[in-house]
Amino acid sequence: HTKPAGWIDGVPLKDDLKYARYFKMLKIGMPLEVVKHAMERDDLDPSVMDGDHNLPAGVSVTPKKAGGGEGEKSKQKDTHRRTRLHWDTLRKIREGSVWAMLDADPDVEKIQIDEAEFRELFQEEKDKTDAKSPKALAAAANAKNRGGKKGGVVKVIDPKKANNGGIILARLKMTYDEMAQAVHTIDEQSMTAEQLRGVVEFIPTPEERQALGTYMTEGGPSESAERFEALCECEKFMVAMMTVKHSKRKVRALLFKLQFRTCLRDLAEEASVVERACEELANSVRLRKLLGIVLNIGNRLNTAGTRSRGKAGGFPLG
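Worth saying up front: this structure is predicted, and the values here are computed from it rather than measured. (Residues numbered from 1 in each chain as written. Predicted model: local features only at pLDDT ≥ 70, side-chain atom pairs only at ≥ 80, totals over all residues. Heavy atoms only, no water.)

A.B. asks: What is the right way to read the overall build of the chain from this model?
C.D. replies: A tally of helices and strands in the chain yields 15 helices and 2 strands. When each of the 318 residues of the chain is scored for burial, the buried share is 28%. A separation of at least 24 residues holds for 73% of the contacts in the chain among residues at least 6 apart in sequence. Counting every atom, the chain has about 22000 Å² of accessible surface; 54% of that belongs to carbon and sulfur. (Helix = DSSP H or I, 4+ residues; strand = E, 2+ residues; numbered from the N terminus. Buried < 20%, exposed > 50% of the residue type's maximum accessible area, 1.4 Å probe, protein only. Contact = heavy atoms within 4.5 Å. Areas by Shrake-Rupley, 256 points an atom, 1.4 Å probe, with all protein chains shown as cover.)

Next up, the structure:
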């Protein structure tokens, strides 16, 4: 059997089990930049998400069109950061289909697009966003919300829990992506044990994960970033933690790691106190005399006299 022209071997990116977790994140409404940051934490190339999801990872196809200007357009595209549509594309167009008719329709090429409005709505130059990696974007969002402006309102979780979480999280001078990275790598230098004890109760429960996922997907992929910004601070933290595998276990492991040396030192000090106390009791002359007096009085009482027969040699202290 001969393969169609243009056929590329390999598993499509969207069906690749290696990337299944990240497409699931997109499906529940997480912003693309958050998903890319999660891929960076897992040592994967996040740029593959900018390509065609129906092609294998690392494969790109440049369509051939008349005019010879496609190379320049491709280079120009690399200088901009654009909003993407996460849709399923067709690799083969059937004859007689609406897509084949559109491809053959000369009027389609004549459609005019307001370039100024397009750039304003969907495009941003990379020289203005070079510093805006997924981590920096999250930092900017958090700085905006913590910079004196009123943040989002509670959308999903219990309002009391959200309020308490907001107070605790405001004390940490870190972005939520930085917290997620610290938890993912179990970095003991990033947070103190006291800070971890404060945030561990705000790791999302399975019910909260489901509720947040439902909320993020209600408006579709195009509204996920906007819906994320509408969340309160505690909910944003929960969404960031949803990108970390076994986040609660890792927080507890990090807390144990931070407390281990302190606990070991405290146990050693307590054991040393007990050891010194035992030595002092064993070598105490006053205690021996006191026990001798008690023993003699007991023997006198039990033997009804000073006879040596039936006298006790000692008694247990425990």
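A.B. asks: Which parts of the structure should I look at to understand a negative patch on the surface?
C.D. replies: A surface patch of like charges, here negative, comprises Asp114, Glu115, Glu117 and Glu120. The topology assignment puts Glu115 in helix H6 (residues 115-122). (Patch = residues over 30% accessible without salt bridge, like charges linked within 9 Å, V, L, I, M, F, W, Y side chains within 5 Å. Salt bridge = Lys/Arg side-chain N within 4 Å of Asp/Glu carboxyl O. Lys, Arg positive; Asp, Glu negative; His and termini not counted. Charge placed at Lys NZ, Arg CZ, Asp CG, Glu CD.)

A.B. asks: How should I be thinking about the side chain of Arg41 in this particular structure?
C.D. replies: Its place among the elements puts Arg41 in helix H2 (residues 32-41). Despite its burial, Arg41 remains without a salt bridge, the nearest opposite charge being carried by Asp177 at 4.5 Å. Beyond its immediate sequence surroundings of up to four residues, Arg41 is in contact with Asp177, Ala180, Gln181, His184, Thr243 and Val244.

A.B. asks: I tried to follow the pattern of salt bridges on my own but got confused; where do I start?
C.D. replies: Charged atoms that come close allow side chains of opposite charge to pair. Taken as a whole, this structure holds 7 salt bridges when the rule is applied. We note a salt bridge from Glu188 to Lys257, for which the minimum N-O separation is 3.3 Å. Here Lys257 lies in helix H14 (residues 247-282) and Glu188 lies in the loop between helix H9 (176-185) and helix H10 (193-199), a separation of 69 residues in the sequence. For Glu188, a relative accessible area of 24% gives the class partly exposed. A relative accessible area of 35% means that Lys257 is categorised as partly exposed.

The values reported here are purely geometric and, on their own, carry no functional implication.
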